[in-house]
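Each chain is listed here by its residues.
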Amino acid sequence: MAERRGMGRGLGAILPDKPSGPGVRELPVAEIEANPDQPRRRFDPSGLEALSGSILASGVVQPLIVRKVSSNSYELIAGERRWRAAQMAGLETVPVVIRDSDEADRLEVALIENMVREDLNPVEEARACAALVEDLGLTKEDLGRRVGRSRPQISNLIRLLDLPDDVLEMLETGQLSEGHGRAVLQVSDNDGRRMLARKARDREWSVRRTEEEARSAGAKPRSGASGVSLSAEEKEAIADLSERLEVRLDLPVRIRPRADGLTIEIRVEDFERAAGLADKLERPQ
């Protein structure tokens, strides 16, 4: 399986370094409930057992973040693995930081927390990114900066959700990697995607082999006027560039691949708009 990147950012700006820091207090474990917006759905039992053993030996080193729901009830914003492991270890109280937080903050912090502490599987990561971008209004560029990925990588992650449910299950359970998922997306229909995914899993194909089989299975990459075929990554990169140019120029932009490079088309309504575009391009940044 392909190696997956970590987030590259810690929670130093969110959490104190030690549970004895300012703003930290002890709460009964029984008064804390799970975060319904938590993107993670699977928790590795062996990983929880190891963390539980560590907590028994050293305590909860990093406090949980919670928000108050009622006088004796709190909801997790971040730290569900530590909370579950503390319960396994039989702890009655855990160190917490209490924060007021709106829905967007809760999901964003939960996403960053999990990707820093223990990578989400590709589907959990894709669902979390989709929620942040499509439901909560973060731009892909802003989200990419926060989680240490490029904008095209965020787009590629979200595209994984176009896979059939049974193929997503293979990614969730580690039978296939994120790279396999992107390769399977090159097949145009869901039946073909299912068949390719099963073969890649059962025959233990590499990502490269899966990409080759996707092309030979009838993947239909988009072509430019000159018949240049594009991989899924190249198509996503072109879509990303088009969107960035449209945002920057406030004009419709189309990028066409050619054998000798790319052609960028910018549509303007009249000469006045064209002159305004020229002024914008000439203006020093």
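Owing to the predicted nature of the structure, the values given are computational and were not obtained by experimental measurement.

Draft legend 1. Region of the structure containing the sheet that holds strand E5 (residues 93-98). Pairing within the open sheet is mixed, and its five strands lie in the order E1-E5-E3-E4-E2. The open sheet is flanked by strand E1 (24-28) and strand E2 (32-33), the only strands paired with a single partner. Sheet topology note: the E1/E5 ladder contains five bridges and is antiparallel. Bridged to Val 24 within E5 is Val 97. Its contacts with the sheet put helix H2 (residues 80-88) on E2, strand E3 (64-70), strand E4 (73-78) and E5, and the angle it makes with E4 is roughly 125 degrees.

Draft legend 2. Quick look at the pairing of strand E7 (residues 261-266). Bridge analysis of strand E6 (residues 253-258) against E7 gives six bridges, and the strand direction is antiparallel. Bridge pairing in E7 links Ile 255 to Ile 264. Hairpin remark: E6 followed by E7, antiparallel, with two residues in the connecting loop.

Draft legend 3. Quick peek at the pattern of salt bridges. Within this structure, the stated rule accounts for 10 salt bridges. Ionic pairing is found between Asp 202 and Arg 201, a salt bridge with its closest N-O pair at 2.8 Å. Residue Asp 202 is classed as exposed on the basis of its relative accessible area of 54%. Of the charged contacts in the structure, one is a salt bridge between Arg 256 and Glu 265, with a shortest N-O distance of 2.6 Å. With a relative accessible area of 32%, Glu 265 lands in the partly exposed category. One connected set of salt bridges, linked through shared partners, spans Asp 166, Asp 191, Arg 194 and Arg 198.

What counts, and where the lines are drawn
- Residues numbered from 1 in each chain as written.
- Predicted model: local features only at pLDDT ≥ 70, side-chain atom pairs only at ≥ 80, totals over all residues.
- Heavy atoms only, no water.
- Pairing = 2+ DSSP bridges.
- Helix = DSSP H or I, 4+ residues; strand = E, 2+ residues; numbered from the N terminus.
- Contact = heavy atoms within 4.5 Å.
- Axes fitted to C-alpha atoms, helices over the stretch in contact; angles between N-to-C directions.
- Salt bridge = Lys/Arg side-chain N within 4 Å of Asp/Glu carboxyl O.
- Buried < 20%, exposed > 50% of the residue type's maximum accessible area, 1.4 Å probe, protein only.

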